[in-house]
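Here's the letter readout for the chains.
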Amino acid sequence: MICKFRTTVARISQVALLSGAMVAGLGFDALNSTLRAQDDTTDAAAPAAEATTIRVFDSLTLTVPKEWQSAPPKSRIIDHEFTFKHGEGDDAPTARVTMMAASGGTDANITRWKGQFSGAAEPKVEKSEAAGAKVVFVQLEGSFKDSMGGGPFAGGKTVIRENYGMLGGIIELKDGRSYFIKLTGPKETIDAGAEAFKEMLKGIKA
């Protein structure tokens, strides 16, 4: 509401300035320059997006990229869900982000992720450590088998998404628990978000 009020006040001021300029006989080039300066000031006053901090097993925290938008989880087993849009407008390609605890081990889950793609090369895997935990970064691309409604065995169906990609982050705690983060969507969106995804994993704190 405050931003809208400021914008309205700015526009009223612009109208007043235009009227005064017409009376004074000022040139329109000078007037336009003044109006643009006012618009720049109004835009600068708009609040910037803030990053969200997530707790992992109540022992670690990670800060998600500020470009991610919070979304309602599509499943009860998902702790947190976000969307990441690459580009402007409603038609901009969008990726889905999910965060959850899961079992099965790192290698088994990477194999499962690879099985969700057809024509995929070997996944790119990088391992590091942060805040005393092991961190595994996984990158895949190819034709993604998107299970709609839980897949064919749950009454849903599988849709093939061409030219898709996935970024996976696996956080392994010393007590054997693991936390999984996945960013899945059109390859161009995945590529655009890869660096921020890696930085998030490197920035895990105890």
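Please read these numbers as outputs of a predicted model, since none were measured by experiment. (Residues numbered from 1 in each chain as written. Predicted model: local features only at pLDDT ≥ 70, side-chain atom pairs only at ≥ 80, totals over all residues. Heavy atoms only, no water.)

Asks: It is not clear to me how the confidence of the model for the protein should be interpreted in this structure. Could you clarify?
Replies: Reading fine detail from the predicted coordinates is not recommended where pLDDT is low. With 71% of its residues at a pLDDT of at least 70, the protein reaches an overall mean of 80. Averaged over each element, pLDDT in the protein is lowest for helix H1 (residues 2–24) (44) and highest for strand E10 (residues 178–186) (97). Here residues 1–48 scores under 50 on pLDDT; set against residues more than four positions off or in separate chains, the count is 17 contacts. (pLDDT = per-residue confidence, 0-100. Helix = DSSP H or I, 4+ residues; strand = E, 2+ residues; numbered from the N terminus. Contact = heavy atoms within 4.5 Å.)

Asks: Just to check I follow, could you spell out the nonpolar core for this structure?
Replies: For soluble globular proteins, the rule of thumb is that nonpolar side chains tend to be buried together. Membership of the largest hydrophobic core comes to 27 residues, with the highest contact counts inside it found for Leu62, Trp68, Met99, Ile171, Ile181, Phe197 and Met200. Listed by contribution, the elements that provide at least two residues to this core are strand E1 (53–56), strand E2 (60–63), strand E4 (80–85), strand E5 (94–101), strand E8 (133–148), strand E9 (157–172), E10 and helix H4 (187–202). Tallying contributions element by element places H4 first for this core, with 5 residues. Counting 11 residues, the second largest nonpolar core, distinct from the first, contains Val136, Leu140, Met166 and Ile170. (Core = buried A, V, L, I, M, F, W, Y, C linked by side-chain atoms within 4.5 Å. Buried < 20%, exposed > 50% of the residue type's maximum accessible area, 1.4 Å probe, protein only.)

Asks: What is the right way to look at the side chain of serine 143 in this model?
Replies: Structurally, serine 143 can be placed in strand E8. Residue serine 143 is classed as buried on the basis of its relative accessible area, which comes to 14%. Within the structure, serine 143 has its side chain in polar contact with the side chain of glutamate 162 (distance 2.6 Å). Ignoring anything within four residues of it in the chain, the contact list for serine 143 reads Gln116, Phe117, Ser118, Ile160, Arg161 and Glu162. (Polar contact = N/O pair within 3.5 Å; in protein donor to acceptor, adjacent residues only side chain to side chain.)

Asks: Teacher, can you tell me more about the packing of aromatic side chains here?
Replies: The geometry of an aromatic ring pair is captured by two quantities: the separation of the ring centres and the angle between the planes. Taken as a whole, this structure holds 7 aromatic pairs when the rule is applied. Aromatic side chains phenylalanine 57 and tyrosine 179 sit 5.6 Å apart centroid to centroid with 80 degrees between the ring planes, which places their arrangement in the edge-to-face category. Taken together, the positions of phenylalanine 57 in the loop between E1 and E2 and tyrosine 179 in strand E10 put the pair 122 residues apart, joining distant regions of the chain. Looking at phenylalanine 57, the relative accessible area reads 23%, which means it is partly exposed. Between phenylalanine 117 and phenylalanine 144, the ring centres sit 5.2 Å apart and the planes meet at 50 degrees, which makes this aromatic pair tilted. One end of the pair, phenylalanine 117, is in strand E6 (residues 117–118); the other, phenylalanine 144, is in strand E8, and 27 residues separate them in sequence. As far as the burial class goes, phenylalanine 117 and phenylalanine 144 line up, both buried. (Phe/Tyr/Trp six-rings, centres within 6.5 Å; stacked < 30°, edge-to-face > 60°.)

Asks: Hey, could you run me through the pattern of salt bridges in this one?
Replies: Between side chains of opposite charge, pairing is possible as soon as their charged atoms come close. Evaluated as defined, the whole model comprises 9 salt bridges. Among the ionic pairs, glutamate 81 bridges to arginine 96, the shortest N-O distance being 2.9 Å. With glutamate 81 in strand E4 and arginine 96 in strand E5, this residue pair connects regions lying 15 residues apart in the sequence. In this structure arginine 96 comes out as partly exposed when scored by relative accessible area, which is 32%. Ionic pairing is found between glutamate 122 and lysine 114, a salt bridge with its closest N-O pair at 2.3 Å. For lysine 114, a relative accessible area of 28% gives the class partly exposed. (Salt bridge = Lys/Arg side-chain N within 4 Å of Asp/Glu carboxyl O.)

Asks: Whenever I open this one, the pairing of E10 confuses me. Can you help?
Replies: Across a regular strand the side chains alternate sides, sitting on one face of the sheet and then on the other. Here E10 lies mainly inside the structure; 9 of its 9 residues are buried. Examined bridge by bridge, E5 and E10 share 6 bridges and lie antiparallel to one another. Bridge pairing links threonine 98 to lysine 182 in E10. The pairing of E9 with E10 spans 9 bridges and is classified as antiparallel. Across the sheet, the residue bridging to isoleucine 171 is tyrosine 179, located in E10. From the end of E9 to the start of E10, which pair antiparallel, there are 5 residues, and glycine 176 there has a positive phi angle of about 95 degrees. (Pairing = 2+ DSSP bridges.)

Asks: Can you walk me through the environment of alanine 130 in this structure?
Replies: By secondary structure assignment, the location of alanine 130 is in strand E7 (residues 124–130). Among the residues examined, alanine 130 registers a relative accessible area of 8% and is labelled buried. Distance in space between the C-alpha atoms of alanine 130 and leucine 60 is 9.7 Å, their sequence separation being 70 residues. Residue contacts for alanine 130: discarding those within four places in its chain leaves Val135, Leu201, Lys202 and Ile204.

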